[in-house]
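Residue-level structural notes
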Amino acid sequence: MPSDSTAIFEIALSMVSKITPGIVRALPDIGLTPSDFFQLDTRDLGTAFGLPSGTTFERMDRDEALFKARKEYALMEKHNIRGYFLLNADYPTRLFQIPDAPVYLYQLGEADLESEHMMSLVGTRKPTPYGMEFCDRLVQDLAAYFRDLTVVSGLAYGIDSAAHEAALKANVPTVAVVAHGLDMIYPAQHRDLARHIIRSGGAILTEYPFGEKPFRQRFLERNRIVAGLSDVTVVAESDIKGGAMSTANTAFSYSRDVMALPGRTTDQLSSGCNLLIRKEKAHLITCAADLIETTGWRPLDIGINPRQRNLFPELEGDAKAVYELLRFSHDPLQIDFIHTQTLISLPRLTSTLSEMEFDGIIIRHPGNRYTIA
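Calculation notes
Residues numbered from 1 in each chain as written. Predicted model: local features only at pLDDT ≥ 70, side-chain atom pairs only at ≥ 80, totals over all residues. Heavy atoms only, no water. Core = buried A, V, L, I, M, F, W, Y, C linked by side-chain atoms within 4.5 Å. Buried < 20%, exposed > 50% of the residue type's maximum accessible area, 1.4 Å probe, protein only. Helix = DSSP H or I, 4+ residues; strand = E, 2+ residues; numbered from the N terminus. Contact = heavy atoms within 4.5 Å. Axes fitted to C-alpha atoms, helices over the stretch in contact; angles between N-to-C directions. Parallel < 35°, antiparallel > 145°, perpendicular 65-115°, else oblique. Left-handed = near helix turned anticlockwise from the far one by under 90°. Nonpolar A, V, L, I, M, F, W, Y, C, P; charged D, E, K, R; others polar. Pairing = 2+ DSSP bridges.

With that settled, consider the nonpolar core. Counting residues in each nonpolar core, the largest one holds 70 residues, and the members touching the most others are Ile19, Phe37 and Phe38. With six residues, the top contributor of residues to this core is helix H1 (residues 4–15). For Phe37, the residues in contact, after removing those within four places along its chain, are Leu13, Val16, Ile19, Leu45, Phe49, Phe57 and Arg62. Grouped together as the second largest cluster of nonpolar side chains are 31 residues, Met119, Cys135, Ala167 and Leu291 included.

Running from N to C, helix H8 (residues 159–169) and helix H9 (residues 191–199) point in directions that differ by 40°, and their axes come no closer than 11 Å. The angle between H8 and H9 falls in the class oblique. Viewed along their axes, H8 and H9 form a crossing whose handedness is left-handed. In contact with Ser161, His164, Glu165 and Leu168 of H8, H9 contributes Leu193, His196 and Ile197. Each residue belonging to the contact of H8 with H9 can be placed in one class, and the counts come to three nonpolar, three polar and one charged.

Between Tyr186 and Pro187 the backbone carries a cis peptide bond, its omega angle lying at -5°. Here Pro187 lies in the loop between strand S5 (174–177) and H9.

A few words on the sheet that holds strand S10 (residues 333–334). Spatially, S10-S12-S11 is the arrangement adopted by the three strands of the open sheet, whose pairing is antiparallel. Taken across any chain shown, the strands that pair with only one partner, and hence form the sheet edges, are S10 and strand S11 (362–365). Summarising the sheet, S10 and strand S12 (residues 369–372) pair through two bridges and their orientation is antiparallel. Residue Leu333 lies in a different strand from S12, and its bridge partner there is Tyr370. Along the sheet, helix H15 (residues 317–326) makes contact with S10, S11 and S12, crossing S12 at roughly 85°.

The following block contains the structure:
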């Protein structure tokens with residue numbers, strides 16, 4: 001844990017204009033500490049960094065940053081906010097690996113940012129029931145196999161809030177990355193959700209100090225943190241343009257796994273996901289098993305109930321098509337509807353349904369209606 005004065009220098013460094021992650025990473029190489037950065041003469045500092053003429057860190061700017069940092073540190077102490085400095089050993093490993101890592105992070109809450117199984121789940125702000133149901137099922141199924149699952153998203157409307165709520169429902173931590181200081185919550189309607197996240201072992205995370213407000217560019221900057229915190233980013237539903245696509249493309253640029261939920265070609269809110277898959281920027285995902293296969297995560301065989309054991313049925317052909325249709329339906333589906341949606345001939349479909357029922361994969365209800373077992 002850094003001393004009070006050391007932490008203030010670290011916070012101040014992140015508040016100096018023209019500071020970049022590259023400059024901060026260079027400090028140890030040239031034998032400087034954050035405190036040296038604020039104590040050296042402007043000319044000597046420029047010489048140490050080998051900065052070209054006209055590119056300087058003026059004393060007045062550095063003094064102003066130190067003044068703000070002292071106030072920020074006092075607020076952090078008052079509100080029990082944890083800080084992460086880019087060069088410290090406790091800085092989140094996955095974020096440290098990205099070239100544009102935040103110089104400083106503020107965390108309210110107890111979530112472990114080093115959890116072995118971290119998934120970012122993002123998407124449109126106006127999802128359909130298809131996308132919402134997918135989020136809920138994906139998180140619940142993964143939570144059954146990974147005790148340390150942590151779900152990362154952006155606290156926005158739609159898929160973001162569905163991801164956080166699914167994590168809360170599944171009793172796993174969730175991290176909300178926001179585009180403003182921790183003295184507020186945006187959107188304001190999600191204040192209760194934010195409180196629930198913190199009370200349930202999750203966290204609110206940001207790179208912005210108290211008093212900083214959200215605006216468009218900051219949401220785009222926030223997206224890189226969402227992408228960088230996890231080994232895999234899942235896009236549930238998205239138009240071709242939007243924040244989720246920005247997050248997915250950023251994760252792809254970091255050589256992280258990206259997965260997208262496919263949809264019908266006529267569905268506008270699936271057009272972005274379909275594009276990611278078509279451009280081979282994302283793996284196709286329909287269920288938790290797809291994610292586990294792509295990431296190589298090794299699930300624990302613990303307390304799995306019969307429904308969850310059907311998470312990985314080894315299905316092919318007609319049976320797989322039927323299973324994928326049924327698993328996203330709340331209500332039992334009639335055989336005629338299954339026929340029209342899968343285009344499987346009725347004789348083959350009847351035989352397939354009988355075999356799946358015999359194997360305990362599906363349940364037949366009165367009126368030739370079927371659900372997942």
